[in-house]
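Remarks on the overall topology
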Amino acid sequence: MSRPGPSVAAVPPPDAMLWVKDLVKVHRAQGVPSHAVRHVDLQVDRGEFVAVMGPSGAGKSTLLHLLGGLDRPDSGEIWLDGRRVDGLPESRWAVLRRRSVGFVFQFSNLVANMTAADNVELPALLAGIPPRQARARREELFAELGIEDKAGSTPAGLAGGEQQRVALARALVNEPGLLLADEPTGSLDSRNTRDVLRLLSRFHERGQTIVLVTHDARVASTADRVISLFDGEIADDTAVGPPSGTSNGVADVLRLES
Amino acid sequence: MRLALLALLAKEPAHGYELKQALEQTFGAAYPQPNIGQIYVTLGRLEQNGLIQGQDVSQSSRPNKRVYEITEAGRAALAGWFDEPTEGPRVRDDFFTKLALAPGTGAADRVALINKQRRHYLNIMRGLSRLAAAEDRDNRIAHLLIEGAMLHLQADLDWLERCQEELE
Ligand SMILES: Nc1ncnc2c1ncn2[C@@H]1O[C@H](COP(=O)(O)OP(=O)(O)O)[C@@H](O)[C@H]1O
Ligand SMILES: [Mg+2]
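Here is a short report on the structure shown in this document. (Residues numbered from 1 in each chain as written. Chains lettered and ligands numbered in written order. Predicted model: local features only at pLDDT ≥ 70, side-chain atom pairs only at ≥ 80, totals over all residues. Heavy atoms only, no water.)

Turning our attention to the interface of chain B and chain A. Facing 35 residues of chain B, the contacting portion of chain A comprises 36 residues. Across the chain B/chain A interface, buried area totals approximately 3,000 Å², and carbon plus sulfur atoms make up 59% of it. Of all residues in chain B, B:Leu122, B:Asn123 and B:Arg126 bury the most surface against chain A, accounting for 20% of the area lost on that side. At the junction of chain B and chain A, the tally comes to two salt bridges. With a shortest N-O distance of 2.6 Å, B:Arg119 and A:Asp236 are connected by a salt bridge. Taken together, the connections running from chain B to chain A amount to 10 residue pairs in polar contact (both at pLDDT 80 or more). Sorting the residues of the side of chain B that touches chain A by element identifies helix 1 (2–11), helix 6 (110–134) and helix 7 (140–167) of chain B as the ones contributing at least two each. Among the elements that take part in the side of chain B that touches chain A, helix 6 of chain B stands out by supplying 13 residues, more than any other. Residues that form the side of chain B that touches chain A fall into these classes: 19 nonpolar, seven polar and nine charged. (Contact = heavy atoms within 4.5 Å. Buried area = accessible area lost by both parts, 1.4 Å probe. Salt bridge = Lys/Arg side-chain N within 4 Å of Asp/Glu carboxyl O. Polar contact = N/O pair within 3.5 Å; in protein donor to acceptor, adjacent residues only side chain to side chain. Helix = DSSP H or I, 4+ residues; strand = E, 2+ residues; numbered from the N terminus. Nonpolar A, V, L, I, M, F, W, Y, C, P; charged D, E, K, R; others polar.)

Glancing now at the packing of helix 4 (residues 131–145) of chain A against helix 5 (residues 160–172) of chain A. When two helices pack together, you describe them by how their axes are tilted relative to each other and by the distance separating the axes. Residues and elements named next belong to chain A. Where helix 4 meets helix 5, the closest approach of the two axes is 10 Å, and the angle between their N-to-C directions is 140°. It follows that helix 4 is oblique to helix 5 by the angle criterion. Handedness of the helix 4/helix 5 crossing: right-handed. Mapping the contact onto sequence places Leu141, Phe142 and Leu145 in helix 4 and Arg165, Val166, Leu168, Ala169 and Leu172 in helix 5. (Axes fitted to C-alpha atoms, helices over the stretch in contact; angles between N-to-C directions. Parallel < 35°, antiparallel > 145°, perpendicular 65-115°, else oblique. Left-handed = near helix turned anticlockwise from the far one by under 90°.)

This next bit is on the pattern of salt bridges. Residue and element names in this part refer to chain A. For the structure shown, the criterion picks out 25 salt bridges over all chains. Between Arg38 and Asp231 there is a salt bridge whose closest N-O contact spans 3.6 Å. Here Arg38, found in strand 2 (residues 32–45), pairs with Asp231, found in the loop between strand 9 (225–230) and strand 10 (233–239); they are 193 residues apart in sequence, far enough to count as distant. Taking the shortest distance from any N to any O, the salt bridge between Arg97 and Glu90 comes out at 2.7 Å. One network of salt bridges, in which partners are shared, links Glu48, Arg225 and Asp237.

Following this line, the structure appears as structure tokens:
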């Protein structure tokens, strides 16, 4: 099978926010090797919104975890914003994850005994941002996400869609160059899904680079580009645009016959 | 469209242009609307078959307009339509035939076929998202139509994934 991928150069081109070369990860559970990521090459340019699709077990989460330093590759290179990061020690990764990479997961993973506001301001404070500025940023994000009245609530007092917005604010508060999202709408109903997607699109329009993992095509089609992962390999990589070819596209799908 | 027009006329008598507006209002901009010519042709056929009855109404400064009313036979046909369960969706036969017959032809490769089809569906999905964003938020019928199309596409994409897993 062909592996589409632009990375033939030895170092990342200047436009690349993320540049991955020949990445390999084998999980070993009870001695049984699971080849989760097999020789993946990938370039994500600054400002791109890329969706990664594929069946369950294809290696999507593993790939995303490698990109964010939550898991270590067996071999291959990862370059983030022009710097090689795959060999960094955990202490350096911790700093990167605070400043340069934002994460959103299917479940918001908020700290249960802190308010929504503190859940977002704390990572800003840990990144060395002065308290007043951390608060201002948090307020701005909450206003943008439509949860300004939830600042004092604890996670348990928030609905699923609201928790996911707080998680999004937490991921974005330090203005990371790269936002990584793993099934961020996976536990939301369709209305909240639509709202979270609209918010992601809005941040993308302002230049946020996003890599989003999903098996939901409605979610994937909000991205500019969709990568299909099968069995740890990239099977396809395509820009998403208006339907082409001879069919009527959208009109064809909507035609009501009677 | 025949039965849609009958259903509209079961509510109240109307002329061709009013029916066109009623269709647009109900289904929203997303639905590919029939043009007025198609509507007149269909109305003519319905009248020939005795399902509706037209009557010319004179207008002072304009040509006559023809107002249609549903007949008893029309109501029976409409009831029969509502009474029948609707056919389920079919798999994309043409694509499936390509997929089944590609090997050995030297003309196409299965993975390439699947990838091409997936790209096409994703592009349509994006088109539908755009339509949904542009549609009036309060038109629930229009949004349900778009959502139905999206769910069908999602099923087609899931099925493509199964094809790829099984046939690779
Ligand atoms: N921590 C782990 N230990 C062992 N095997 C794992 C682990 N995480 C994932 N795997 C295996 O790696 C493969 C890819 O998993 P994953 O990356 O979670 O796929 P996806 O997110 O696409 O569903 C699967 O076969 C899975 O069982
Ligand atoms: Mg996963």
